[in-house]
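# Residue-level structure breakdown
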Amino acid sequence: MTPGAVAALIDHTLLKPETPQTGVEQLCREAAEFKFATVCINPTWVKLAYEQLRSTQVGVCAVVGFPFGANTTDLKRHEAERVILDGASEVDMVINVGALRSGDLNLFEHDIGNVVQVCRENDVISKVIIEAALLTNEQKVVACQTAKTVGAMFVKTSTGFGLGGATVEDVALMRKTVGADIGVKAAGGVKNYDTLQAMLRAGATRIGSSSGVDIVQEVVSRMHRT
């Protein structure tokens, strides 16, 4: 893959709560230079990132209900509306893990559906973070099926703040569950090109990583050695 093709798959991510404004500004400069798909940031920085990137092709991805997914549905919906108003073109929302593990599938579907509806009404890409490390394989399947049923455009493995990140096995299971109709985003622990390639082979179509610059530079280095 060319460096540009790799960069176009990556959501350049910075979600640490201690991040200062200068860190977000640096993230945006890197995203514009390398032409990443988006910057993935916390809601408080969306307006700043939008202003930094509005003249580029880089999108702004905001997380909702992050990182635990334990907010009430109305708060998640309002948060989605807020980040879209501030300039987000993509929204990554965290599922209500407790509702799923309790078997309350009505609440679980209602929670995802409300955020997806807001995204759809505003022509914004919706991604549903299932936090796979907290789920059984059966629950992962239910989460992905539910996200697809309500019209989500992606399912995503992890927040990167849970017990584990993306695994090849989870990506493959998610792809098998949703079929070819929607995207699968691998996030959490994707720090080099070999891992990125493994996720793509398993079925990922987007990568969330805080190591995007390193990955692209690794691709460039490999090309120069061949």
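I will try to describe carefully the structure that is included in this document. Residue positions are given per chain, counting from 1 as you read along its sequence in written order. Reporting in this predicted model follows two pLDDT cut-offs: at least 70 for local features of residues, and 80 or more for side-chain atom pairs to be given and counted; totals over whole chains, interfaces and linings ignore these cut-offs and use all residues. As a rule here, side-chain values cover all heavy atoms of the structure and leave hydrogens and water aside.

### A closer look at the overall build of the protein chain
Selection criterion: Only DSSP runs of H or I with at least four residues qualify as helices, and only runs of E with at least two residues qualify as strands; both kinds are numbered from the N terminus onward. When we talk radius of gyration, it's over C-alpha atoms, and the globule rule is simply 2.2 Å times the number of residues to the 0.38. Burial status follows relative accessibility: with a 1.4 Å probe on protein chains alone, a residue under 20% of its type maximum counts as buried, one over 50% as exposed, and anything between as partly exposed. The contact criterion used throughout is that any non-hydrogen atoms of two residues lie within 4.5 Å. Charge assignment: positive for Lys and Arg, negative for Asp and Glu; neither His nor the chain ends contribute. The atom standing in for a charge is NZ when the residue is Lys, CZ when it is Arg, CG when it is Asp and CD when it is Glu.
Counting secondary structure elements, the protein chain contains ten helices and eight strands. The C-alpha radius of gyration computed for the protein chain amounts to 16 Å, which stays within 12% of the reference 17 Å derived for 226 residues, consistent with globular compactness. Dimensions of the protein chain, computed from the C-alpha atoms along their principal axes, are close to 55 × 35 × 30 Å. A total of 226 residues make up the protein chain; the buried ones form 54% of that total. Long-range pairs, those at least 24 residues apart, make up 67% of the contacts in the protein chain with a sequence separation of at least 6. One way to put it: in the protein chain the 22 positive side-chain charges average out to a point 4 Å from where the 25 negative ones average out.

### Comments concerning the packing of helix α9 (residues 193-202) against helix α10 (residues 212-225)
Applied cut-off: Interaxial angles span 0 to 180 degrees and are taken between N-to-C directions of axes, which are lines fitted to C-alpha atoms, for helices over the stretch in contact. Here is the rule for angles: anything less than 35 degrees is roughly parallel, anything more than 145 is roughly antiparallel, 65 through 115 is roughly perpendicular, and the remaining ranges are oblique. Amino acids are sorted into nonpolar (Ala, Val, Leu, Ile, Met, Phe, Trp, Tyr, Cys and Pro), charged (Asp, Glu, Lys and Arg) and polar (every other residue, Gly among them).
In contact at an axis separation of 9 Å, α9 and α10 are set at 100° when each is read in the N-to-C sense. Between α9 and α10, the angle is such that the two are roughly perpendicular. Taken together, the residues of α10 that come into contact with α9 (itself represented by Y193, D194, L196 and Q197) are I215, E218, V219 and R222. Residues belonging to the contact of α9 with α10 are distributed by class as follows: four nonpolar, one polar and three charged.

### Concerning the packing of aromatic side chains
Here is the rule we go by: Side-chain rings of Phe, Tyr and Trp, where Trp is taken by its six-membered ring, are said to pair if the distance between their centres is within 6.5 Å; with planes under 30 degrees apart they count as stacked, over 60 as edge-to-face, and otherwise as tilted.
What the rule picks out here adds up to two aromatic pairs. The interplanar angle of 25° and the centroid separation of 5.8 Å between the aromatic rings of F34 and F36 together place this pair among those described as stacked. According to the relative accessible area criterion, F36 is buried, its value standing at 2%.

### Remarks on the sheet that holds strand β4 (residues 90-94)
Here is the rule we go by: For two strands to count as paired, DSSP must find a minimum of two bridges between them.
Strand order around the closed barrel formed by eight strands is β1-β2-β3-β4-β5-β6-β7-β8, with parallel pairing between neighbours. If you compare each strand with its neighbour and ignore which way they point, the axes differ by 25° on average. Alignment of β4 against strand β5 (residues 125-129), held across five bridges, turns out to be parallel. Considered in β5, the bridge of V94 is made with I129. Contacts from helix α3 (residues 46-53) reach β2 (38-41) and β3 (59-64) within the one sheet, and its direction differs from that of β3 by about 170°. The strands that helix α4 (residues 73-86) touches are β3 and β4; relative to β3, the one it contacts most, it runs at about 160°.

### A word on the layout of surface pockets
Defined as follows: Residues are said to line a cavity or pocket when one of their atoms sits within 4 Å of a point; the points come from a 1 Å grid over protein atoms alone, cavities being sets where a 1.4 Å probe fits but cannot get out and pockets being open sets with protein on both sides within 12 Å along at least five of seven lines. Grid points are joined across faces, edges and corners, and a volume is the space filled by probe spheres set on the points.
Estimates place the volume of the largest pocket at around 340 Å³. If you trace the largest pocket, you find 19 residues lining it, with T13, T159, G160, F161 and S210 closest to the centre. Where the lining of the largest pocket is concerned, the elements lending two or more residues are β1 (10-14), β7 (183-187) and β8 (206-209). Class assignment of the residues belonging to the lining of the largest pocket gives a composition of six nonpolar, nine polar and four charged.

### Here's the deal with the packing of helix α6 (residues 105-121) against helix α7 (residues 137-149)
Packed helix pairs are specified by the crossing angle of their axes together with the interaxial distance, meaning the distance between the axes. Rules: Crossings are assigned a handedness: left-handed for a near helix turned anticlockwise from the far helix by less than a right angle, right-handed for a clockwise turn.
Where α6 contacts α7, the axes come no closer than 9 Å and their chain directions differ by 50°. One way to sum up the angle between α6 and α7 is to call them oblique. Crossing of α6 over α7 shows right-handed handedness. Across the interface between the two elements, L105, F108, E109 and I112 from α6 touch V142, A143, T146 and A147 from α7.

### So, the pairing of β8
Remark: a regular strand shows side chains that alternate across the two faces of the sheet. The criterion, for reference: Crossover handedness is defined by viewing with both strands directed away from the observer: a clockwise path from the first strand over the helix to the second marks the crossover as right-handed.
Residue alternation in β8 divides its side chains into two sets, R206 and G208 and I207 and S209, and both sets are buried. Across three bridges, the pairing between β1 and β8 is parallel. Its bridge partner lying in β8, I10 is registered against I207. Pairing between β7 and β8: three bridges, direction parallel. The residue bridging A187 from the neighbouring strand is G208, located in β8. Regarding topology, α9 serves as the crossover connection from β7 to the parallel β8, and that connection is right-handed.

Coordinates in, geometry out; function isn't part of it.
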